[in-house]
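These are the residues of each chain, in order.
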Amino acid sequence: MRNLYIVVIVLLLLGSANNAEAFRCGNTFIKKGDSILKILEYCGNPLYSDYTTYKGRIAKLYIYKFNNIEQRVFLRAGYVIGVL
């Protein structure tokens, strides 16, 4: 029975790792595939924006700061391709 609890905990932790590429703006989560319009609507203007590389490709970078936590949003063609 103890092994079952360990397996369940590990699966829950692995499942939450998939949500690591998302962050909350108000009551809305921003995640891969969301449009730039959704980000601006719920998060407002970023503290900083510039072009950078993300996974070897040029991308637009937006940086937000919520509760002293920096969130980096990478965009390409108007859509989120990654969140760190």
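Above this text you will find the structure in question.
Summary of the structure given here. (Residues numbered from 1 in each chain as written. Predicted model: local features only at pLDDT ≥ 70, side-chain atom pairs only at ≥ 80, totals over all residues. Heavy atoms only, no water.)

Quick look at the packing of aromatic side chains
No. 1: Within the structure shown, the criterion is met by 5 aromatic pairs.
No. 2: Taken together, the ring pairs in this structure connect F23, Y62, Y64 and F66 into an aromatic cluster. (Phe/Tyr/Trp six-rings, centres within 6.5 Å; stacked < 30°, edge-to-face > 60°.)

Regarding the pairing of strand 2 (residues 28–31)
No. 1: Burial of strand 2 is one-sided: the residues T28 and I30 facing one way are buried, the residues F29 and K31 facing the other way are not.
No. 2: Across 4 bridges, strand 1 (residues 22–25) lies against strand 2 in antiparallel orientation. Counted as the bridge partner of R24 is F29 from strand 2.
No. 3: Following strand 1, the chain reverses through 2 residues before pairing antiparallel with strand 2; G26 in that reversal takes a positive phi of roughly 65°. (Buried < 20%, exposed > 50% of the residue type's maximum accessible area, 1.4 Å probe, protein only. Helix = DSSP H or I, 4+ residues; strand = E, 2+ residues; numbered from the N terminus. Pairing = 2+ DSSP bridges.)

Considering the state of the cysteines
A covalent bond bridging the sulfur atoms of two cysteines is what the word disulfide describes.
No. 1: Across all of its chains, the model carries 1 disulfide by this definition.
No. 2: What pairs with C25 in a disulfide is C43, and their sulfur atoms sit 1.8 Å apart. The disulfide joining C25 to C43 has a torsion of about 100° about its S-S bond and is therefore right-handed. With C25 in strand 1 and C43 in helix 2 (residues 36–43), this pair connects stretches of sequence that are 18 residues apart.
No. 3: Residue classification places C25 among the buried positions, given a relative accessible area of 1%. (Disulfide = S-S within 2.5 Å.)

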